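Spelled out from the first residue to the last, the chains are:
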Amino acid sequence: MLRIIGAGLIMAGCSGIGFRYRKRLYQGLKYLQTMKQILELFMSEVGYGKATLPECCKRVGERVEEPYKGALLQIHDSMKKKENSFRECWHTEMEKALWGLPITGREKDAFLGFPNCCGLQDGRMQIRAIEQYRDMLNTAIIRREAELEKQGRLAAGLGIMCGLLLVIVLS
């Protein structure tokens, strides 16, 4: 009786690990979509609102969720105090916000590289530069969506198979 209960608990634990990893893969896609949305909001603020990038941080920060909200509002506060340049504030705060999220280094770089457009004086040129980074994120989203179903199934299947293997080895 105890062996059956133990085998059930091992199976449940290993399956849970597989399904947790699968959920984390889907969360990564959600974070990428939010990053793309942030860049689109920046484009509309610069294009239609004629706002500066620090002002955009405040306006966009009020509309998005954590972990981005706090970082964007902190960037706005730092820029108001004129502590660092926008580029430095962006990298510092967004690195903190993106730490530990299930996204790859290339995807982070596509989002962190956005301030490279801040030296441009013309609003249209800033928008075009932001569009390039948005398109890089969009490509990453499309790539992740294409792989997500296979990787999710694989993660769940491996969790179950590892549970079965452990049950067989331990019995």
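Please refer to the structure placed before this passage.
On a predicted model such as this, the values are computed, not experimentally measured, just so you know.

**So, the packing of aromatic side chains**
Thinking step 1. Per the stated rule, a full pass over the model turns up 4 aromatic pairs.
Thinking step 2. Between the aromatic rings of Phe 42 and Trp 90, the centroid separation amounts to 5.9 Å while the plane-to-plane angle is 85 degrees, which identifies the pairing as edge-to-face. Pair noted here: Phe 42 is in helix α1 (residues 2-47) and Trp 90 is in helix α4 (residues 86-98), with a separation of 48 residues, a long-range link. Here the two residues Phe 42 and Trp 90 agree in accessibility, since each one is buried.
Thinking step 3. Consider the rings of Tyr 68 and Phe 111, whose centres lie 6.2 Å apart with planes at 75 degrees: the pair is edge-to-face. Placement of the pair is Tyr 68 in helix α3 (residues 68-81) and Phe 111 in helix α5 (residues 105-112), with a sequence separation of 43 residues. Considered together, Tyr 68 and Phe 111 belong to a single accessibility category, that of buried residues.
Thinking step 4. Ring-pair connections join several aromatic residues into one group, and the members of that group are Phe 42, Tyr 68, Phe 86, Trp 90 and Phe 111.

**Examining the pattern of salt bridges**
Thinking step 1. This model, assessed by the stated rule, comprises 7 salt bridges.
Thinking step 2. Across the pair Lys 96 and Glu 93 runs a salt bridge, and its minimum N-O distance is 3.6 Å. Taken together, the residues span about one helical turn, with Lys 96 and Glu 93 both in helix α4 at a distance of 3 residues.
Thinking step 3. Residue Lys 96 is classed as exposed on the basis of its relative accessible area of 57%.
Thinking step 4. Residue classification places Glu 93 among the buried residues on the basis of a relative accessible area of 14%.
Thinking step 5. Here Arg 153 makes a salt bridge to Glu 149, at a shortest N to O gap of 2.9 Å. Separated by 4 residues within a single helix, Arg 153 and Glu 149 lie in helix α6 (residues 123-170), roughly one turn from each other. Of the two residues, Arg 153 and Glu 149, neither departs from the other in class, the shared state being exposed.
Thinking step 6. Each of Glu 45, Arg 59 and Arg 63 takes part in a single network of salt bridges with overlapping partners.

Conventions and cut-offs
Residues numbered from 1 in each chain as written. Predicted model: local features only at pLDDT ≥ 70, side-chain atom pairs only at ≥ 80, totals over all residues. Heavy atoms only, no water. Phe/Tyr/Trp six-rings, centres within 6.5 Å; stacked < 30°, edge-to-face > 60°. Helix = DSSP H or I, 4+ residues; strand = E, 2+ residues; numbered from the N terminus. Buried < 20%, exposed > 50% of the residue type's maximum accessible area, 1.4 Å probe, protein only. Salt bridge = Lys/Arg side-chain N within 4 Å of Asp/Glu carboxyl O.

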